[in-house]
Amino acid sequence: MTSLQAWIDAARPAGVLHPALVHAPIGLLVALVLVELFARDATRVRRVLAWALALSALVAAGAGWLHADGTGVDDATIFWHRWTGVGFAGVALVVALLSFASTPGTAWRRGYGLALVASAAAAGVAGHQGGELVHGPLVFDGWTTDDDETSVADAPQHAASTWLASCVRCHGPDRREADLRLDTSEGLARVVVPGAAVDSEVYRRVALPRDHDDAMPPTGTPLPPETVAALAAWIDAGAAGLTVASDDAPSWTPELLAEVAATSGALVVPLADAPDDPDASRLRVEFHTRPDAFDPTSLAALAPVAAHVATLNLRTTALDDATLLAAPHFPQLERLHVERTAIGDASVDWIARHDALRHLNLHGTSVTDAGARRLARLTSLERLVLHDTDVGLAEVSRLRAALPRARITVGEASWPTKPTDDG
Amino acid sequence: MSDAHDTPRGCSRRDLLTRGATGFGLFALQALLAGPAFGRAPTQTGGPRPGHHRARARSVIFLYMDGGPSQVDTFDPKPLLQRHHGEDPRQVIGRLDDTQFDDVGTILASPWEFRRSGESGLWISDLFPHLRSVADELCVLNGMVARFPEHTAANYFLHSGHGLQGRPSMGAWFGYGLGSDNENLPGFVVLNGGLVPPGGLDCFGPGFLPATHQGSVFRPEGLAVTNIEPREMRDGDQRRLLDVLGRLESGDGVDPAVDAAIANYETAARMQTAVPDLTDLGDESAATRALYGVDSENAGTRIYGRQCLLARRLVERGVRFIELTCPHVGHDRWDQHSNLTKGHEDNARAVDQPIAALLLDLRQRGLLDETLVVWGGEFGRTPFAQGAHGRDHNPQGYTMWLAGAGVRGGTVYGRTDDFGYRAIEGRTEVHDLHATMLHLCGLDHERLTYRFGGRDIRLTDVFGRVLHEVLA
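Below is a summary of the structure that appears in this document. Just so it is clear, the structure is predicted and the values come from calculations on it, not from any experiment.

### Digging into the overall build of chain B
Now for step 1: Within chain B one finds 12 helices and 17 strands.
Now for step 2: Within the span of chain B, comprising 472 residues, buried residues form 59% of the whole.
Now for step 3: Partitioning the contacts of chain B with sequence separation of at least 6, the portion at a separation of at least 24 is 77%.
Now for step 4: As presented, chain B carries roughly 18700 Å² of accessible surface, and 51% of it is formed by carbon and sulfur atoms.

### Description of the pairing of strand β4 (residues 122-125) of chain B
Residues and elements named next belong to chain B.
Now for step 1: Of the strand pairs in this sheet, strand β3 (residues 114-117) and β4 are connected by 4 bridges, and their pairing is antiparallel. Note that in β4 the partner of F114 across the bridge is S125.
Now for step 2: In sequence, β3 turns back onto β4 through a hairpin of 4 residues, with G118 there showing a positive phi of about 70°.

### Comments concerning the nonpolar core
Residues and elements named next belong to chain B.
Now for step 1: Judged by nonpolar contacts, the single largest core of 61 residues is most densely connected at I61, L63, F128, L131, L138 and W401.
Now for step 2: Among the elements that take part in this core, helix α11 (residues 340-364) stands out by supplying 11 residues, more than any other.
Now for step 3: Discounting chain neighbours no more than four positions away, the residues touching L138 are F75, L122, I124, L131, L359, W401, L402, A403, R408, G409, G410 and T411.
Now for step 4: Core analysis: the next-biggest nonpolar cluster, separate from the first, contains 50 residues, A57, A172, F174 and L440 among them.

### Brief notes about helix α3 (residues 23-38) of chain A
Residues and elements named next belong to chain A.
Now for step 1: An ideal rise of 1.5 Å per residue puts 22 Å on 16 residues; α3 measures up with 23 Å between its terminal C-alpha atoms.
Now for step 2: Here α3 has its buried residues at P25, L29, L32, V35 and E36. What you see down the axis of α3 is that its buried residues fit within an arc of 120°, all on one side. Across from the buried face of α3, at angles greater than 90 degrees, the exposed residues are H23, L37 and F38.

### Observations regarding empty space enclosed by the protein
Now for step 1: Under the counting rule described, the total for this entry stands at 2 cavities of 30 Å³ or more.
Now for step 2: Taken as a whole, the largest cavity encloses approximately 40 Å³ of empty space.
Now for step 3: Around the largest cavity, the lining residues are A:H288, A:R315, B:R58, B:S59, B:V315, B:G318, B:L367, B:E370 and B:T371.
Now for step 4: Of the residues contributing to the lining of the largest cavity, the split by class is 2 nonpolar, 4 polar and 3 charged.
Now for step 5: Its volume calculated, the second largest cavity comes out at about 30 Å³.
Now for step 6: Forming the walls of the second largest cavity are B:N155, B:Y156, B:H159, B:S160, B:L164, B:Q165, B:G166, B:R167, B:D202 and B:C203.
Now for step 7: In terms of residue class, the lining of the second largest cavity is built from 3 nonpolar, 5 polar and 2 charged.

### Describing the sheet that holds strand β2 (residues 104-107) of chain B
Residue and element names in this part refer to chain B.
Now for step 1: Read across the sheet, 3 strands follow the order β2-β10-β11 without closing on themselves; strand pairing throughout is antiparallel. The open sheet is flanked by β2 and β11 (390-394), the only strands paired with a single partner. The average angle at which neighbouring strand axes cross in this sheet is 65°, direction not considered.
Now for step 2: When β2 meets strand β10 (residues 380-386), the two strands line up antiparallel, connected through 2 bridges. Following the sheet pairing, V104 is matched in β10 by Q386.

### Side note on the packing of aromatic side chains
Now for step 1: Under the defined criterion, the tally for this structure stands at 20 aromatic pairs over all chains.
Now for step 2: With 6.1 Å between their ring centres and 80° between their planes, A:F330 and A:W350 make a pair best called edge-to-face. Placement of A:F330 in the loop between α12 (321-325) and β4 (335-337) and of A:W350 in helix α13 (residues 345-352) is noted, with a sequence separation of 20 residues between them.
Now for step 3: A:W350 gets classed as buried once you look at its relative accessible area, which sits at 1%.
Now for step 4: On the numbers, 5.9 Å between centres and 55° between planes, the contact of B:F62 with B:Y64 is tilted. Neither residue differs from the other here; B:F62 and B:Y64 are each classed as buried.
Now for step 5: Pairwise contacts between aromatic rings join B:F75, B:F128, B:W334, B:W375 and B:W401 into one cluster.
Now for step 6: Directly above the aromatic system of A:W65 lies the positively charged group of A:R82, at a separation of 4.4 Å from the ring centroid.
Now for step 7: Across from the ring centre of B:F463, 5.0 Å away, lies the NZ or CZ of B:R147, which sits over that ring.

What counts and how
- Residues numbered from 1 in each chain as written.
- Chains lettered and ligands numbered in written order.
- Predicted model: local features only at pLDDT ≥ 70, side-chain atom pairs only at ≥ 80, totals over all residues.
- Heavy atoms only, no water.
- Helix = DSSP H or I, 4+ residues; strand = E, 2+ residues; numbered from the N terminus.
- Buried < 20%, exposed > 50% of the residue type's maximum accessible area, 1.4 Å probe, protein only.
- Contact = heavy atoms within 4.5 Å.
- Areas by Shrake-Rupley, 256 points an atom, 1.4 Å probe, with all protein chains shown as cover.
- Pairing = 2+ DSSP bridges.
- Core = buried A, V, L, I, M, F, W, Y, C linked by side-chain atoms within 4.5 Å.
- Expected span 1.5 Å × (residues − 1).
- Arc of directions from axis to C-beta.
- 1 Å grid on protein atoms, 1.4 Å probe; cavity = no way out; pocket = protein on both sides within 12 Å on 5 of 7 lines; lining within 4 Å.
- Points joined across faces, edges and corners; volume = space filled by probe spheres on them.
- Nonpolar A, V, L, I, M, F, W, Y, C, P; charged D, E, K, R; others polar.
- Axes fitted to C-alpha atoms, helices over the stretch in contact; angles between N-to-C directions.
- Phe/Tyr/Trp six-rings, centres within 6.5 Å; stacked < 30°, edge-to-face > 60°.
- Lys NZ or Arg CZ within 6 Å of the ring centre and 35° of its normal.

Structure below.
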């Protein structure tokens, strides 16, 4: 059973071919119907076409089954499409089997005719459902009006959404062509460069000549010139009202990072540079590669980017309790290095306020049992380094019990087991 | 309002297709113009920048085992060698591949006992008694294969992913991809214990990458860097010279080679204070010095202990890539074509305690989970003898190990056959190792490219698979 599952998992990527594969049985079905209408005595052609139809329908249905699990679309639609598709493949198999009935007028032959009609019907239903899955529910121009309630649901900006109302039919909640929704701030932000209409994709598309490949809308009536002009004016004036509120969007710019780096003396670098990676907005801020650049004002200088700091490394700097206690709060701080600095128990209050901490290095500080005890509330800790501190082994045991997820490191500065020979 | 026929972009898709019809060269031109989108924009000065994804490791320490240690005498025990000791390998193993010296002797059992070590029960031979205490940190790769059976080409391949001289060393690729976090020290430091690998300093070269990224060779004892002491009569003269040089070459990126040379001068000037601070071990405790064996009576241990301690100090200072070469131990590197017992024992004695100390010390200081440690040579050795008591080169299967950041410790990946001759499971190419090292440091080996000679070239060429099986 597990090996069958392994085979299915291995074949799953082939499922994406389903939308392409479905066209083979449909074409073969059309050919078979034409044979029945105009070449009824072509027995061999009938059988070949019928079997090709059955096999291609089975392959398409199989691919569809694999594909269905990965799409994440509405369950009911998928459910019905799955079974009409399988039904079509089943009926096509019946067509193929009955295609051996060669004598006209027999019951077998009538059954063949009925099966052919049934397979055409099943193909129609399954094809329609498949189309809806790919392109969204059927929409006819003219049935949907501009003041339709769904079209401008959470439009951020009255002007833009009114001008672009006709775009929303395809780039809206229903169809999302090019994965673009022009009825949301996020979608608009992708195609609008505030202050520069000429650089804005939405303006470029609607201003293009009709015969251009990229012109929008691709068919039908172009936007009226006065609407295009109003759109350009709105964008050039700064696209007022278009603000994107996203948790992941960095509120810093490369210029701000450079400025913070210059005023604080730190190295300030994003954790990643892929735009869709949440780590791309998080920062590592490090002083250990240039400890001499650290002074008591350095931490305050980080305030403009404090919300994004994930790693803060103060190893071997002139940090002390007073400086750290005056530092801003870093809500996303996951990794803190304060090893071999002059801090002690007083700093623990500041440290323990950072709930997101996963890695804390206190090696070579003067933290004692009293300070370590207050670290027990940092339940996210995965690593705590207490080597060469004044924390006793009894307190370490208590911490290990309080923080079962954390690996706590204490000193082992001599060989734990005497090596067997010439060491 | 602009003319409706004005296309806001210079070249429409239709235009491009029309012009492209006479030759697909235009598509290539488009790709060239879009250059940086395919690789990373080259940096001359090597300032820090983010990787492709979040890094598990900040620094890499490569413990290069010059000459090719024997897998069946270190981490890959093969009891069948004991049973068939002294027999003809062609009878026992079957067909053999050509060896370098074509002097195939009999099956040679390991002279060393293997013991299970740590909670993981990893097999480690008596060559590495100290290393047993950190066995649970090691991820042993027993399915390594090399593409070359000879030192020079194999060393180029191990270091640069290419069997010929002239490609960038892996340390240079890390610097190119991530920049250097420490402006006072080079991003790629080679701590030279005394042996220079066959293939020479080209093993540490920048190839076609900007010269800033080349490996800087430091000596562990005495003056670490040649000519590091300023020769100018007055303080400040050197600064003024560099300023003049900077003004002469104003404007940016006029010639990348000149930019890189100036950047190297600037780094060298800052190194004049950073290097003495680095190599002054006065602030290390007696316990730490004893741990590493810095004052050992064995000269090899003494040198390699210093190298390992310096490696830790370089990691603390944010240096990206550190390679350690082996010390002279009185006779040959790990290349025991004869005299296996004495040769391997002396080479192992030099590195065993320092390496164990390095892992232990990095761990207790909380640095091991941001440092990737890689151990190994350019190939392994034959399970049968060369002559009476040597082992010849064997690229078909050998051992390297990883430890530290993001690596699953206390595990073995890959397997050789019952004689330790050929890799038969978890076969790992050097390209796979490189891909995994880059991955742990936040770089995607398929996207880290540099355009040279008309191609976007990678450290892993067109190969390489990240070994997700060994990642924690």
